[in-house]
Amino acid sequence: MDTEVLIVGAGPVGLIFSIDLGKRGIPCTLIEKNDAPLGYPKMERCNPRTMEIFRRLGLADTVRAAGYPSDWPMDTYLVFDLMRPPLFKMAHPTVAQAKAKRDATTDGSLPLEPYQIISQYTLEPLLKSVAERIPAVTVKFGHELLSFEQDSAGVTARVRKTDGTIISIRTRYMVGCDGGSSVVRKQLGFKMDGEPHLLEMRQALFHCPELYDRARAPRARHYHRIDDHWTLMIVQDSRQHFTLHAVVDKDEDMAALFEKIVGTPVKFEMLHCAKWVQRLLLAEHYRQDRVFIAGDAAHLVIPTGGLGMNTGVGDAIDLSWKLAATLRGWGGPELLPSYEAERRPVGAINVKASGGGTTGRMKWRAAYRPSIDEDTPEGRAALDNLLSIARDEAPKSFRVIGAELGYRYAGSPVICDEPGGPAPNIEEYQPTSWPGARLPHVWLAPGKVSVHDRIGDGFTLLRLGRTRADAAALAKAFAEIGAPFSVLDIDSDAARRVYGFDYLLVRPDLHVVWRGDALPDRPDDVARIVTGH
Ligand SMILES: Cc1cc2nc3c(=O)[nH]c(=O)nc-3n(C[C@H](O)[C@H](O)[C@H](O)COP(=O)(O)OP(=O)(O)OC[C@H]3O[C@@H](n4cnc5c(N)ncnc54)[C@H](O)[C@@H]3O)c2cc1C
């Protein structure tokens, strides 16, 4: 074998996958067809769950330092242009405000880390430099996967280097994080179900350092222009770069629209312009034997709600520890198949959620009338009508906290699930320790140490009640399998209240796998199920 795991594609998902796997000590190789990271914008919002994952990887502060400052307004406005008063405001807390609220909250309802704005073209080089410093990770840019063959022992990948040389890489497992046009998915023959072509838009990137010196609009994250082009301006992390998304015929139209939304002459440069298509698609499978797909290779959403990369990060974190466990010899035969069983339903929910968020935007956009910017009875009525729809519909695209934090691996073969259980809720998050759910965050030292911070890389039994039964039988059951297991005593009434049970078993990705008020009668069964035996 040249490597244990070959990761194809150094977008955010492949990079985070390689960092997590490498930190677990698994030798892996990350290949990327381009010679350098992405130079143009795509995502910019890391959601709270992704930021929690960055915290576990020791990267949350680094990512924040490279992104938006914590006091930069996160609000969204509807405008005609940036010289006139905004017409509608959707207020969102800044990161600093969200952190202050989080520090004062003990009911498990808030994430340990709030969101963070960081442009994908800033995030990717940052993550690349982190991956390159991990001894177990080999990062090879300028290496394109052409095809692969798998057999009972491994996978042989045919790879073309930038200079045209063809090499082969032999690996035990391969993960395609190679984006929406995934070569890996296509060669596996997995179909994508859903809507392949909803709307074609253009995205342009502008550099305009003087915008906030000249424009009168309040500082914000998004400005939706009321027009018939669906124009949306997104402030990038430098606050001197702005992307514009719009439905127009030609690249040049984007520069004209930028001038219109700014509303006053400014010096600017258009650095990039390209078409992109809104799609809602989900792959029919996520795995075939030794080959997996993750991220955009497996699901494509509309960026509204920020469930693209963030869903892919969830895939990476689910699969990484399972591959590590299998390669270390303690992961059982059910562990790798559970990746698709757990993550594909989440993909389906998030594809639906992003479609729902866009429907609200379509409703208020449909109320546009050419007279809307005129000071006439007809124009004023059209504006009133659009704004009244926007007040109800526009905020919907931001209500995804349930999808972000509340996803649960119901019915997974490697979770000791209980009958019933809360149904998926995209808009609201209700903290729960129901098996399969993400462990809610509860402070042990407010603002400083969370229960999450005390949980290591293996399985952890939390003892929360007054009586602390001897966990030797459970420890022995895990030891016989060879799986890492530790016991963590938590002296916190708040944690006991939020989790609702005296004992909780949590796995390496912080999902609850078992809970009870007494230790399990059959510890061997529990240890076998949750390790995939
Ligand atoms: C305008 C816009 C705004 C967005 N905003 C957000 C947001 O705010 N939040 C969010 O979560 N998501 C957002 N998204 C979605 C997000 O950008 C994607 O979900 C994310 O990039 C997916 O990451 P990935 O690593 O799976 O795939 P990609 O980012 O597509 O990376 C795939 C990588 O694989 C490489 N590759 C492809 N084929 C091969 C091959 N054969 N061999 C080797 N390498 C290969 C590619 O060059 C690329 O580097 C947005 C998308 C768009 C278009």
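None of the values given here were measured: they were computed from a predicted structure.

Rules and cut-offs
Residues numbered from 1 in each chain as written. Predicted model: local features only at pLDDT ≥ 70, side-chain atom pairs only at ≥ 80, totals over all residues. Heavy atoms only, no water. Near = heavy atom within 4 Å. Polar contact = N/O pair within 3.5 Å; in protein donor to acceptor, adjacent residues only side chain to side chain. Areas by Shrake-Rupley, 256 points an atom, 1.4 Å probe, with all protein chains shown as cover. Helix = DSSP H or I, 4+ residues; strand = E, 2+ residues; numbered from the N terminus. Contact = heavy atoms within 4.5 Å. Salt bridge = Lys/Arg side-chain N within 4 Å of Asp/Glu carboxyl O. Buried < 20%, exposed > 50% of the residue type's maximum accessible area, 1.4 Å probe, protein only. Pairing = 2+ DSSP bridges. Axes fitted to C-alpha atoms, helices over the stretch in contact; angles between N-to-C directions. Parallel < 35°, antiparallel > 145°, perpendicular 65-115°, else oblique. Left-handed = near helix turned anticlockwise from the far one by under 90°. Nonpolar A, V, L, I, M, F, W, Y, C, P; charged D, E, K, R; others polar. Phe/Tyr/Trp six-rings, centres within 6.5 Å; stacked < 30°, edge-to-face > 60°. Lys NZ or Arg CZ within 6 Å of the ring centre and 35° of its normal.

## Observations regarding the site of the ligand
For step 1, the next point in the chain: Around the ligand, the surrounding shell holds 29 residues, and the nearest of these are E32, Q120, L145, D296 and M309.
For step 2, the next point in the chain: Between E44 and the ligand, the recorded distance is 3.3 Å, taken from a backbone N or O atom to an oxygen atom.
For step 3, the next point in the chain: When the free accessible area of the ligand is taken as 1000 Å², the share hidden by the protein chains comes to 90%.
For step 4, the next point in the chain: In terms of residues, the shell around the ligand owes the most to one element, strand β8 (residues 143–150), which gives 3 residues.

## Digging into the side chain of R365
For step 1, the next point in the chain: Considering the arrangement of structural elements, one finds R365 in helix α10 (residues 337–366).
For step 2, the next point in the chain: Of note is the side chain of R365, whose polar atom sits 3.5 Å from the backbone oxygen of D227.
For step 3, the next point in the chain: If sequence neighbours within four positions are ignored, R365 has contacts with H224, R225, I226, D227, W230 and T231.

## Things to note about the pattern of salt bridges
For step 1, the next point in the chain: With the rule as written, the count across this model stands at 42 salt bridges.
For step 2, the next point in the chain: A salt bridge links R463 to D489, with the nearest nitrogen and oxygen atoms 2.6 Å apart. Of this pair, R463 sits in strand β21 (residues 459–463) while D489 sits in strand β22 (residues 485–489); the two residues are 26 residues apart in sequence, bridging distant segments of the chain.
For step 3, the next point in the chain: Here D489 falls in the partly exposed class, since its relative accessible area comes to 31%.
For step 4, the next point in the chain: A salt bridge links E480 to K476, with the nearest nitrogen and oxygen atoms 3.2 Å apart. Of this pair, E480 and K476 are both found in helix α14 (residues 472–481), 4 residues apart, which corresponds to roughly one turn of the helix.

## Some points on the sheet that holds β21
For step 1, the next point in the chain: Ordered by their spatial adjacency, 4 strands build an open sheet running β22-β21-β23-β24, and the pairing between neighbours is mixed. In this open sheet, the two strands that pair with only one neighbour each are β22 and β24 (512–516). Sheet twist, expressed as the average angle between the axes of neighbouring strands with direction ignored, equals 20°.
For step 2, the next point in the chain: Pairing of β21 with strand β23 (residues 503–506), which is carried by 4 bridges, proceeds in the antiparallel orientation. Note that in β23 the partner of R463 across the bridge is Y503.
For step 3, the next point in the chain: Of the strands in this sheet, β21, β22 and β23 touch α14, which is tilted by about 155° from β22.

## What to know about the packing of α14 against helix α16 (residues 523–530)
For step 1, the next point in the chain: Packing of α14 against α16 brings their axes to within 8 Å, and their N-to-C directions diverge by 45°. Taken together, the axis directions place α14 and α16 in an arrangement best described as oblique. When the axes of α14 and α16 are compared, the crossing they make is right-handed. Here A473, L474, A477, F478, E480 and I481 of α14 come into contact with α16, specifically with P523, D524, A527, R528 and V530.
For step 2, the next point in the chain: Here the contact of α14 with α16 is built from residues that sort into 8 nonpolar, no polar and 3 charged.

## Some thoughts on the packing of aromatic side chains
For step 1, the next point in the chain: Evaluated as defined, the whole model comprises 16 aromatic pairs.
For step 2, the next point in the chain: Measuring from centroid to centroid gives 5.6 Å for F206 and F268, while their planes differ by 70°, and the two rings are edge-to-face. With a gap of 62 residues between them, F206 in strand β11 (residues 192–207) and F268 in the loop between α8 (251–262) and β15 (269–283) connect regions that are remote in the sequence.
For step 3, the next point in the chain: According to the relative accessible area criterion, F206 is buried, its value standing at 0%.
For step 4, the next point in the chain: Among the aromatic residues, those joined into a cluster by ring pairs are W321, W330, F459, F478 and F485.
For step 5, the next point in the chain: In this arrangement the basic side chain of R219 is found over the ring face of Y212, its NZ or CZ atom lying 5.8 Å from the centre.

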